Amino acid sequence: MRLYPAWQEEDLGIPLPDSPHACSVCLPTWKAVLGYEEARDKVVRRMRMGYPRFFRHPLVARLTSMAAAEIGGDGEEVFLFPTRLAAQRAQRWIEPRGEVAVRQAGFQGLQALAVPVKARQVAVDYQRFTGELVSSRHAEDIIAGTARGGNKTHLLQRRLGKIAGTDPKQVHIFNSGMAAITAVLRSLPGVKEGRKTLQIEFPYVDALKVQELFGNGVVFLNQAEGESFDEALRRIRQGEFAGVFTEAPSNPLLRTADIPRLAAACAEGGTPLMIDDSSVGPSNVSVLRYADVVTSSLTKWMSGTGDVMAGMAVVRPDSPFAGQLLAVLAEESGASSPLYVADAEVLLSNLKGYPDRMAQHNANGDALAAMLAAHPAVGEVWHPSLVTRENYDRIKAPRGGYGPLLSFVLKNPKKAGKVFDALKVTKGPSFGTPFTLACPYTLLAHYRELDWADGCGVPPELIRVSCGTEETSVLLAHFAAALELG
């Protein structure tokens with residue numbers, strides 16, 4: 001796979017990587033990102049691809065059109081789901097919120113919902129947040145008449161169990177990272193009892209949204225320190241919450257809570273602790289000893305190529321909740337969000353280089369974070385080597401590093417667009433690719449709530465960088481050149 005960059009206006013809309021199953025898309029300029037968020041035609045019409053939860057893949061769109069011709073009616077839009085259970089849940093969620101009646105039908109081994117157009121956005125949101133999608137490879141095979149049954153889950157469980165350092169039976173595979181998080185939320189006994197969850201540290205946007213929308217609401221502590229953190233720990237020890245969610249480290253601020261303290265409070269309060277390690281991957285942090293469940297987006301560092309969507313949830317064997325969690329997650333991964341066999345095969349192949357390839361990713365992350373922190377045009381840098389490092393060191397894996405993901409802002413925020421446009425690295429959403437990938441994260445993730453994000457310490461002008469495996473000197477030179485405009 002070639003190392004990019006794709007960073008110029010002419011690259012707008014191309015798949016990243018250069019694959020029919022790419023999980024990202026080139027948004028090379030600040031203006032293009034704004035145009036994408038505002039659905040401007042001159043940007044959208046050039047989009048050949050997008051992140052699958054936010055942008056219907058062309059192959060899935062083609063299959064959906066076939067389904068619409070067969071089962072759709074006037075004034076309806078069709079949505080495809082991988083299983084009957086996923087479609088039934090979606091129907092139960094869409095109907096009351098959209099104030100419509102939704103029809104369900106089988107189609108080519110999948111399940112289709114015919115949704116009145118007035119409730120279209122409700123259905124779009126459901127699939128975005130839950131990640132319960134039909135994959136592009138599955139769609140491609142159905143269109144070609146070569147769809148396959150069976151799965152390779154046991155092989156993935158064995159491989160991922162080794163990476164996680166646990167029995168394969170503790171590992172559950174899903175068709176996306178968000179499907180794994182949603183399944184974990186559904187598995188919590190306290191959710192069924194009506195209790196809220198607690199989110200510690202500012203998380204990836206949809207990890208918070210899914211707790212708001214599919215649980216009983218969420219209490220949110222955006223910075224785990226001082227009296228506020230002490231108060232949160234007290235409430236956890238009292239057993240107030242259905243579960244506690246955090247990322248280690250968080251995305252995009254790469255902050256890490258005091259995980260041992262948090263785990264001790266959860267144990268005392270009889271409260272499940274969920275930790276997501278997607279931002280740096282399990283080769284860099286070792287959190288299963290503290291968490292009841294660890295979730296990971298396999299789309300990112302573990303796949304390492306950006307051409308397959310998948311997620312996993314790993315249950316700690318000696319967790320007091322292990323029996324309940326394993327039972328629910330086993331059903332969820334098979335009956336709600338299974339990973340299509342062709343995607344599993346690609347993921348198995350991609351996993352072969354992990355975790356060894358992370359060494360160069362990590363080295364570039366360290367070098368770029370240090371260079372940016374010392375640069376006169378840069379206002380602030382977030383990287384585990386620079387923020388809450390003491391907390392990160394407590395969970396760092398024996399052979400782990402500080403990770404390849406970082407964020408920064410300029411001293412003069414008004415120059416962010418100019419610097420971003422001049423950056424000669426590939427630009428688009430997602431992370432974990434072999435090539436460096438940069439994006440104006442807050443614009444992409446929080447465009448409709450920029451003031452709220454800013455109030456949580458995530459500025460509108462924040463640029464997030466996923467460091468690839470390029471020569472370190474070349475990568476630093478690209479940033480130095482662009483920062484001359486800052």
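Let me begin by describing the structure that accompanies this report. This is a predicted model, so every value here is computed, not measured.

What follows is about the overall build of the chain. Looking only at helices and strands, one finds 20 helices and 17 strands in the chain. The C-alpha atoms of the chain give 21 Å as radius of gyration, which agrees with the globular expectation for 486 residues (23 Å, within 12%). With the C-alpha coordinates aligned to their principal axes, the bounding extent of the chain is approximately 60 × 55 × 40 Å. Expressed as a percentage of its 486 residues, the buried residues of the chain come to 62%. Partitioning the intrachain contacts of the chain with sequence separation of at least 6 by distance along the chain shows that 72% fall at a separation of at least 24.

Read across the open sheet, the 7 strands follow the order 6-12-11-10-9-7-8; overall the sheet is mixed. Edge positions in the open sheet fall to strand 6 (171-174) and strand 8 (218-221), since each of these has one partner strand only. Here the average twist between neighbouring strands, direction ignored, is 20°. Pairing analysis gives 3 bridges linking strand 10 (residues 273-276) to strand 11 (residues 293-297), with the strands arranged parallel. Residue Asp-276 lies in a different strand from strand 11, and its bridge partner there is Thr-295.

Our focus in this paragraph is the nonpolar core. By size, the foremost hydrophobic cluster in this structure holds 87 residues, and its most contacted members are Ile-94, Leu-372, Phe-408, Val-465 and Phe-479. It is helix 8 (residues 177-187) that contributes the most residues to this core, 7 residues altogether. The contact partners of Val-465, leaving out residues within four places of it in the chain, are Leu-368, Pro-404, Leu-405, Leu-406, Phe-408, Thr-436, Leu-437, Ala-438 and Phe-479.

Within the secondary structure, Trp-382 sits in strand 13 (residues 378-382). A residue is classified by how much of its surface remains accessible, and Trp-382, at 6% relative accessible area, is buried. Spatially, the C-alpha atoms of Trp-382 and Trp-7 are 23 Å apart, while their sequence positions differ by 375 residues. If sequence neighbours within four positions are ignored, Trp-382 has contacts with Pro-252, Leu-253, Leu-254, Val-387, Leu-406, Ser-407, Phe-408, Val-409, Gly-457, Pro-459 and Leu-462.

In this section: the packing of helix 5 (residues 120-130) against helix 8. With their axes 7 Å apart at the nearest point, helix 5 and helix 8 run at an angle of 90° to one another. For the element pair helix 5 / helix 8, the angle class is roughly perpendicular. Across the interface between the two elements, Tyr-126, Phe-129 and Thr-130 from helix 5 touch Met-178, Ala-179, Thr-182 and Arg-186 from helix 8.

Let us now look at the side chain of Thr-305. Looking at where Thr-305 falls in the secondary structure, it is placed in the loop between strand 11 and strand 12 (311-315). Looking at Thr-305, the relative accessible area reads 15%, which means it is buried. Side chain to side chain, Thr-305 and Asp-307 meet in a polar contact 2.6 Å long. In terms of polar contacts, Thr-305 uses its side chain to reach the side chain of Asn-350, at 2.9 Å.

The next subject is the environment of Gly-190. Its place among the elements puts Gly-190 in helix 9 (residues 189-192). With 190 residues separating them in the primary sequence, Gly-190 and Glu-380 have C-alpha atoms 39 Å apart. What Gly-190 contacts, discounting residues up to four positions off in sequence, is Arg-195, Asn-216 and Ala-242.

Packing of helix 3 (residues 58-71) against helix 6 (residues 136-144) leaves a shortest axis separation of 8 Å and a crossing angle of 50°. Between helix 3 and helix 6, the interaxial angle falls into the category oblique. Note that helix 3 runs across helix 6; the crossing there is left-handed. Residues Leu-59, Val-60, Arg-62, Leu-63 and Met-66 of helix 3 touch helix 6, and the partners they reach there are Ser-136, Ala-139, Glu-140, Ile-142 and Ile-143.

Attention now moves to helix 7 (residues 153-164). An ideal rise of 1.5 Å per residue puts 16 Å on 12 residues; helix 7 measures up with 16 Å between its terminal C-alpha atoms. Here helix 7 has its buried residues at Leu-156, Gln-157, Leu-160, Gly-161 and Ile-163. Viewed along the axis of helix 7, the buried residues span an arc of 155°, placing them on a single side of the element. Where the residues of helix 7 are buried, they touch strand 6, strand 12 and helix 14 (341-350).

Here we take up the packing of aromatic side chains. Per the counting criterion, the structure on display carries 12 aromatic pairs. One aromatic cluster in this structure is built from Phe-81, Trp-93, Tyr-126 and Phe-214. The positively charged end of Arg-56 is found above the aromatic ring belonging to Phe-79, 5.2 Å away from the centroid. Between the NZ or CZ atom of Lys-427 and the centre of the ring of Phe-420, over which it lies, the distance is 4.9 Å.

Pairing within the open sheet is antiparallel, and its 3 strands lie in the order 3-5-4. The open sheet is flanked by strand 3 (76-81) and strand 4 (103-107), the only strands paired with a single partner. The mean angle between the axes of side-by-side strands here comes to 30°, regardless of whether they run parallel or antiparallel. Pairing analysis gives 5 bridges linking strand 4 to strand 5 (residues 110-116), with the strands arranged antiparallel. Opposite Ala-105, over in strand 5, you have Ala-112 as the bridge partner. This element, helix 4 (residues 84-98), spans strand 3, strand 4 and strand 5 of the sheet and lies at about 15° to strand 5. With respect to the sheet, helix 5 is in contact with strand 3 and strand 5, its orientation differing from that of strand 3 by roughly 15°.

Thresholds, definitions, all that
Residues numbered from 1 in each chain as written. Predicted model: local features only at pLDDT ≥ 70, side-chain atom pairs only at ≥ 80, totals over all residues. Heavy atoms only, no water. Helix = DSSP H or I, 4+ residues; strand = E, 2+ residues; numbered from the N terminus. Rg over C-alpha atoms; globule rule 2.2 N^0.38 Å. Buried < 20%, exposed > 50% of the residue type's maximum accessible area, 1.4 Å probe, protein only. Contact = heavy atoms within 4.5 Å. Pairing = 2+ DSSP bridges. Axes fitted to C-alpha atoms, helices over the stretch in contact; angles between N-to-C directions. Core = buried A, V, L, I, M, F, W, Y, C linked by side-chain atoms within 4.5 Å. Parallel < 35°, antiparallel > 145°, perpendicular 65-115°, else oblique. Polar contact = N/O pair within 3.5 Å; in protein donor to acceptor, adjacent residues only side chain to side chain. Left-handed = near helix turned anticlockwise from the far one by under 90°. Expected span 1.5 Å × (residues − 1). Arc of directions from axis to C-beta. Phe/Tyr/Trp six-rings, centres within 6.5 Å; stacked < 30°, edge-to-face > 60°. Lys NZ or Arg CZ within 6 Å of the ring centre and 35° of its normal.

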